Amino acid sequence: MLTFGTGNKAVAMAVRDAKPVVVAAYPITPQTEIVEEIANFVTDGSLAARYIPVESEHSSMAACIGAAATGVRTFTATSSHGLVYMCEMLHMTAGARLPIVMANANRAIGPGWNIGAEHSDSISMRDTGWLQVYVSTVQEAYDATIMAFRIAEHTNVLLPVMINLDGFLLTHITQTFETVEPGDFIPPTATPHAIDINNPGGYGTLTPGDTHFKFRYDIERGMQASIPIIEETEAEFARRFGREYHLYEEYRTEDADVVIIAMGTLGKEMEVAVDILRNEGIAAGAVRMRWFRPFITPDLDGKDVVVIDRDYSFGYGGVVALELQAKCNCNPFSVIAGLGGQEVTFDDIAEFVRIRKPGTEHWFGVDD
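As the structure is a computational prediction, the values presented were derived from the model and not from experiment. (Residues numbered from 1 in each chain as written. Predicted model: local features only at pLDDT ≥ 70, side-chain atom pairs only at ≥ 80, totals over all residues. Heavy atoms only, no water.)

Let us look at the overall build of the protein chain. In terms of helices and strands, the protein chain carries 11 helices and 15 strands. Dimensions of the protein chain along its principal axes, counting C-alpha atoms only, are 70 × 50 × 45 Å. Split into buried and exposed, the 368 residues of the protein chain put 55% on the buried side. Taking the contacts inside the protein chain whose residues are at least 6 apart along the sequence as the reference set, 81% of them involve residues at least 24 apart. Only carbon and sulfur atoms are counted for the fraction: they give 52% of the accessible area of the protein chain, which is about 15,200 Å². Averaging the coordinates of the 27 positive side-chain charges in the protein chain and doing the same for the 49 negative ones gives two points 4 Å apart. (Helix = DSSP H or I, 4+ residues; strand = E, 2+ residues; numbered from the N terminus. Buried < 20%, exposed > 50% of the residue type's maximum accessible area, 1.4 Å probe, protein only. Contact = heavy atoms within 4.5 Å. Areas by Shrake-Rupley, 256 points an atom, 1.4 Å probe, with all protein chains shown as cover. Lys, Arg positive; Asp, Glu negative; His and termini not counted. Charge placed at Lys NZ, Arg CZ, Asp CG, Glu CD.)

Enumeration over the complete set of coordinates arrives at 23 salt bridges. Where Lys268 meets Glu271, a salt bridge forms, and the shortest distance between an N and an O atom there is 3.9 Å. Here Lys268 pairs with Glu271, and both are found in helix H9 (residues 266-279), just 3 residues apart, close to one helical turn. By relative accessible area, Glu271 is classed as partly exposed at 25%. A salt bridge links Arg293 to Glu323, with the shortest nitrogen-to-oxygen separation between them at 3.1 Å. Here Arg293 is found in strand E12 (residues 291-293), whereas its partner Glu323 is found in helix H10 (residues 319-327), with 30 residues between them in sequence. One network of salt bridges, in which partners are shared, links Arg126, Asp127, Arg293 and Glu323. (Salt bridge = Lys/Arg side-chain N within 4 Å of Asp/Glu carboxyl O.)

Below, the discussion takes up the packing of helix H3 (residues 57-68) against helix H5 (residues 87-95). For any two helices packed against each other, one specifies the inter-axial angle together with the distance between the axes. Taken N-terminus to C-terminus, the directions of H3 and H5 make an angle of 15°; their axes are 8 Å apart at the nearest point. When the interaxial angle is binned, H3 and H5 end up roughly parallel. Relative to H5, H3 is oriented so that their crossing is left-handed. Together, His58, Met61, Ala62 and Ile65 of H3 and Glu88, Met89, Leu90, Met92 and Thr93 of H5 make up the contact between the two elements. Per-class residue counts for the contact of H3 with H5 are 6 nonpolar, 2 polar and 1 charged. (Axes fitted to C-alpha atoms, helices over the stretch in contact; angles between N-to-C directions. Parallel < 35°, antiparallel > 145°, perpendicular 65-115°, else oblique. Left-handed = near helix turned anticlockwise from the far one by under 90°. Nonpolar A, V, L, I, M, F, W, Y, C, P; charged D, E, K, R; others polar.)

Adjacent strands of a sheet form backbone hydrogen bonds with each other and so pair up, either parallel or antiparallel. In space, the 7 strands of this open sheet follow the order E3-E2-E4-E5-E7-E6-E12, with mixed pairing throughout. The open sheet has two free edges, formed respectively by strand E3 (50-53) and E12, since each of these has just one partner strand. This sheet shows a mean twist of 20° between the axes of neighbouring strands, independent of strand direction. Sheet analysis places strand E2 (residues 22-25) next to strand E4 (residues 74-78), joined by 2 bridges and oriented parallel. Residue pairing for E4: Val23 is matched across the bridge by Phe75. (Pairing = 2+ DSSP bridges.)

Right, let's get into the pairing of strand E11 (residues 284-289). Among the 6 residues of E11, 6 are classified as buried, and the element is accordingly described as predominantly covered. Neither face of E11 is open: one carries Ala284, Ala286 and Arg288, the other Gly285, Val287 and Met289, and all of them are buried. One ladder, built from 4 bridges, connects strand E9 (residues 248-251) with E11; its direction is antiparallel. Bridge pairing in E11 links Tyr248 to Met289. Following the chain from strand E10 (residues 258-262) across H9 to the adjacent parallel E11, one finds a crossover that is right-handed. (Right-handed = clockwise from strand over helix to strand, strands pointing away.)

At a minimum axis separation of 8 Å, H9 and helix H11 (residues 346-354) run at an interaxial angle of 60°. The angle between H9 and H11 falls in the class oblique. When you trace H9 past H11, the crossing you get is right-handed. Between H9 and H11, the residues in contact are Leu266, Glu269, Met270, Val272, Ala273, Ile276 and Leu277 and Phe346, Asp347, Ile349, Ala350, Val353 and Arg354, respectively. Looking at the contact of H9 with H11 residue by residue, the class counts come to 10 nonpolar, no polar and 3 charged.

Next up on the list: the nonpolar core. With 70 residues, the main nonpolar core has Met61, Phe75, Leu131 and Trp291 as its most contacted residues. Counting residues in each nonpolar core, the second largest holds 21 residues, with Val274, Ala286, Val306 and Ile308 among its members. (Core = buried A, V, L, I, M, F, W, Y, C linked by side-chain atoms within 4.5 Å.)

Now for the environment of Met13. Take Met13: it is sitting in helix H1 (residues 7-18). With relative accessibility at 4%, the residue Met13 sits in the buried group. Taking C-alpha positions, Met13 is 9.8 Å from Val180, a pair spaced 167 residues apart along the chain. For Met13, the contacting residues outside a window of four places in its chain are Met1, Thr3, Phe41, Tyr142, Phe177 and Thr179.

This next bit is on the packing of aromatic side chains. In this description, a pair of aromatic rings is defined by centroid distance and the angle of the planes. All told, the structure shown has 11 aromatic pairs when counted by the stated rule. Cation over ring: Arg16 sits above Phe41, and NZ or CZ is 5.0 Å from the ring centre. (Phe/Tyr/Trp six-rings, centres within 6.5 Å; stacked < 30°, edge-to-face > 60°. Lys NZ or Arg CZ within 6 Å of the ring centre and 35° of its normal.)

For helix H8 (residues 209-241), built from 33 residues, the straight-helix expectation of 48 Å at 1.5 Å per residue is met to within 8% by its first-to-last C-alpha distance of 47 Å. Every buried residue of H8 is listed here: Ile219, Gly222, Met223, Ser226, Ile227, Ile229, Ile230, Thr233, Glu234, Glu236 and Phe237. With its phi angle positive at about 85°, Gly242 sits one or two positions after the end of H8. (Expected span 1.5 Å × (residues − 1).)

Looking now at the pairing of E4. Taking burial as the measure, the 5 residues of E4 include 5 buried ones, the bulk of the element. Alternating residues of E4 divide into Thr74, Thr76 and Thr78 and Phe75 and Ala77, and every residue in both groups is buried. Of the pairings in the sheet, the one linking E4 to strand E5 (residues 101-106) comprises 4 bridges and is parallel in character. Within E5, the residue paired with Thr78 across the bridge is Asn104.

Next comes the structure, spelled out in structure tokens:
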């Protein structure tokens with residue numbers, strides 16, 4: 001069905017169509033519309049789920065953990081300080097191999113107090129064991145949420161998935177999007193280690209040094225196993241519903257000398273910038289990184305690379321730029337731009353390419 005709505009509404013409708021059994025909800029700007037819409041679906045009967053309004057984000061994830069441990073499908077949503085508040089529970093979720101799906105409306109961390117888009121919240125959770133996907137359109141917000149349930153619950157993966165959408169730039173923008181009837185695209189939840197209340201047992205969770213590392217290694221095995229499952233899921237989604245996605249999206253990169261890389265809503269701005277630069281005789285291309293965990297990189301060998309980070313690791317640098325540098329044969333020009341909802345246009349991105357100095361860092365609006 002073709003409809004019209006915000007990125008938040010698209011996520012909520014995807015959750016409705018995926019039919020979770022438990023939804024835990026706590027409001028926070030700019031995510032609140034997601035759990036409000038889901039509450040409406042539960043009220044009108046279009047989603048038969050236990051809707052749990054909790055007193056904090058920490059409790060929201062704790063409620064999902066309790067539900068997922070019994071083998072049922074679960075969902076929650078958060079943003080910014082709410083995500084940081086539930087950090088302890090994020091580690092617990094991945095460590096317990098619970099396939100919880102959560103939407104995160106990317107928003108700056110204060111102080112100063114700011115509700116604009118920034119990726120620092122989710123990137124600060126990069127080592128929790130969650131898969132992370134970053135979307136750029138309302139349609140992709142819907143589609144990625146549908147696919148997240150299938151990926152998380154696959155028995156080769158059994159790890160939680162975080163769908164990240166830029167606060168206000170995507171959560172509150174309205175676009176047309178098409179919904180689907182997932183049917184058996186999302187198989188019934190079958191968590192092999194789910195607690196069976198009819199066959200109770202005892203669980204000892206204290207792990208000594210000769211055992212604990214095996215749990216950590218098991219998370220990494222699930223993370224690596226997710227790569228072919230993501231590819232398989234995206235291919236099956238394209239076959240059934242006609243919309244194609246990849247681990248990363250390339251634009252005019254086949255003959256590019258310089259490649260611009262970013263995540264989230266900057267993706268479409270990059271494409272316009274590439275067209276402008278091509279008209280100037282600069283062989284530019286663009287790559288939108290969709291999956292930050294697992295971190296899958298394009299072939300950048302021999303190319304100039306300009307990376308736009310809507311995040312920063314103090315004392316380290318732009319996280320995406322330096323992670324690419326660590327994994328690829330490249331020496332990127334690292335641009336820090338868009339923090340706290342700072343406006344970044346396609347003209348700005350084209351200028352980043354023109355002034356690029358590989359191996360250096362540029363703070364947009366500070367160094368200009």
